[in-house]
Amino acid sequence: MICQGGKPEATVDRTLDSKVFKGWVETDSPWTSDDETDNAKMNYVNLRLNPERYTGYTGDPARRIWDSIYKEKCIKYPSEDMCQEKKALYKLISGLHSSISVHIAYDYLLDKSTDLWGHNLPLLYDRVLKYPERVQNLYFTYLFVLRAVTKATDYLEQAEYNTGNPEEDLKTQSLVKQLLYNHKLRSTCPLPFDEAKLWQGENGPELKQEIQKQFRNISAIMNCVGCEKCLLWGKLQVLGLGTALKILFSVDRENNLNQQFHLQRNDAIALVNLLNKLSESVKFVHEKGPSAEEGIKQLRSSTVQKGAS
Ligand SMILES: Cc1cc2nc3c(=O)[nH]c(=O)nc-3n(C[C@H](O)[C@H](O)[C@H](O)COP(=O)(O)OP(=O)(O)OC[C@H]3O[C@@H](n4cnc5c(N)ncnc54)[C@H](O)[C@@H]3O)c2cc1C
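Residues numbered from 1 in each chain as written. Predicted model: local features only at pLDDT ≥ 70, side-chain atom pairs only at ≥ 80, totals over all residues. Heavy atoms only, no water.

- For the protein chain, an unreviewed UniProt entry supplies the name Endoplasmic reticulum oxidoreductin-1 and the organism Brachypodium distachyon.
- Under the UniProt heading Subcellular location (unreviewed entry), the note attached to the protein chain is "Endoplasmic reticulum membrane".
- The protein chain has a UniProt comment under Cofactor (unreviewed entry) that states "FAD". (UniProt positions renumbered as here; feature names shortened; annotations may be inferred.)

What follows is the structure, given as structure tokens:
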């Protein structure tokens, strides 16, 4: 976290509750480029003090990162004959990109002189709503991650939520159960994503390795993000996606989780936070989408008419 973009909005608040960290043992994930066993390289951050929002990270540096991610083995603009798995990888990245843009639009610095923050609906429209594919990919990524979370129900239910604060631990356990056994979610969305259709072809194992490598490269590119807060959320969410892929790749043809399957504490944190971010984005797009779209079209057409008269 050395390369800081310079804007005060982009700096991470490192204040920590003295009880939040107790220590844990990690194993390295094949889906990410970082060595998760090296705790010395890790920083502990209170995410609630660092909401994902506008940071002022714009222009060529930010664009170059997105371009390198999409250029990673040409995942951009998947062609018709590209296999489903590679299309899925493109959609996952595009969906995450949409979600980041939605969060920027949700919590934007509207007036620097008065430190006024609020919704920026034109930005939501210009970066996401105007492109139906980006909205679809946001939903795709949300359902993919939701499926991974439900698939790992047994694991997440039994996991130790140990923060050093017994009250918080009980609350966390209860919230995780509420999420995993949410009746409304289960009845309206019984199979959010059918992973059984993926990774099952003849060359499944090679494809898995190839996609794993591509994803690892994407995770490495994340280290070049030149804004601390964007790096924090970018890496966390990519780890969350890697965890979702790990879960859905660890399923055999009979839909059982592989015996070798392990989630680390950071994987679970990243997965649940990613699901939270994606669901916030879906909610905002769902609530504000239609009115934002209509309002902005009207505003822009009246501006054009005024300009013409
Ligand atoms: C990992 C990462 C995290 C970031 N986090 C933050 C943050 O927390 N706060 C913040 O203010 N800024 C953040 N940024 C910067 C932000 O994402 C934008 O890059 C920046 O606001 C400039 O936006 P832009 O309009 O130039 O287009 P960008 O969002 O940079 O997009 C670049 C190009 O990618 C394509 N594109 C855009 N959206 C999609 C999509 N959904 N699917 C497919 N293609 C797409 C378009 O061709 C677009 O021109 C982050 C950047 C990165 C790389």
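There is more to say, and it comes next.
Overview of the UniProt feature "binding site: FAD" (unreviewed entry) in the protein chain
For step 1, the next point in the chain: Here the UniProt feature "binding site: FAD" (unreviewed entry) sits at Arg53, Thr55, Trp66, Ser94, His97 and Arg127.
For step 2, the next point in the chain: When you line up the elements, Thr55 lands in the segment before α1 (59-71).
For step 3, the next point in the chain: Setting aside chain neighbours within four positions, we find Thr55 in contact with Lys7, Glu9, Ala10, Cys227, Lys229 and Cys230.
For step 4, the next point in the chain: Tracing the chain through its elements places Trp66 in helix α1.
For step 5, the next point in the chain: When sequence neighbours within four positions are dropped, the list of residues in contact with Trp66 reads His97 and Ile100. (Helix = DSSP H or I, 4+ residues; strand = E, 2+ residues; numbered from the N terminus. Contact = heavy atoms within 4.5 Å.)

Details of unusual backbone geometry
For step 1, the next point in the chain: Even without being glycine, Asp115 reaches a positive phi, approximately 55°.
For step 2, the next point in the chain: Relative to the helices and strands, Asp115 resides in the loop between β1 (108-111) and β2 (116-118).

What to know about the environment of Tyr131
For step 1, the next point in the chain: Examined against the element boundaries, Tyr131 turns out to sit in the loop between α3 (121-129) and α4 (132-151).
For step 2, the next point in the chain: By relative accessible area, Tyr131 is classed as partly exposed at 33%.
For step 3, the next point in the chain: Note: C-alpha distance between Tyr131 and Ser98 (33 residues apart in sequence) is 10.0 Å. (Buried < 20%, exposed > 50% of the residue type's maximum accessible area, 1.4 Å probe, protein only.)

A short note on the side chain of Ser94
For step 1, the next point in the chain: Considering the arrangement of structural elements, one finds Ser94 in helix α2 (residues 84-106).
For step 2, the next point in the chain: The contact partners of Ser94, leaving out residues within four places of it in the chain, are Tyr70 and Asn137.

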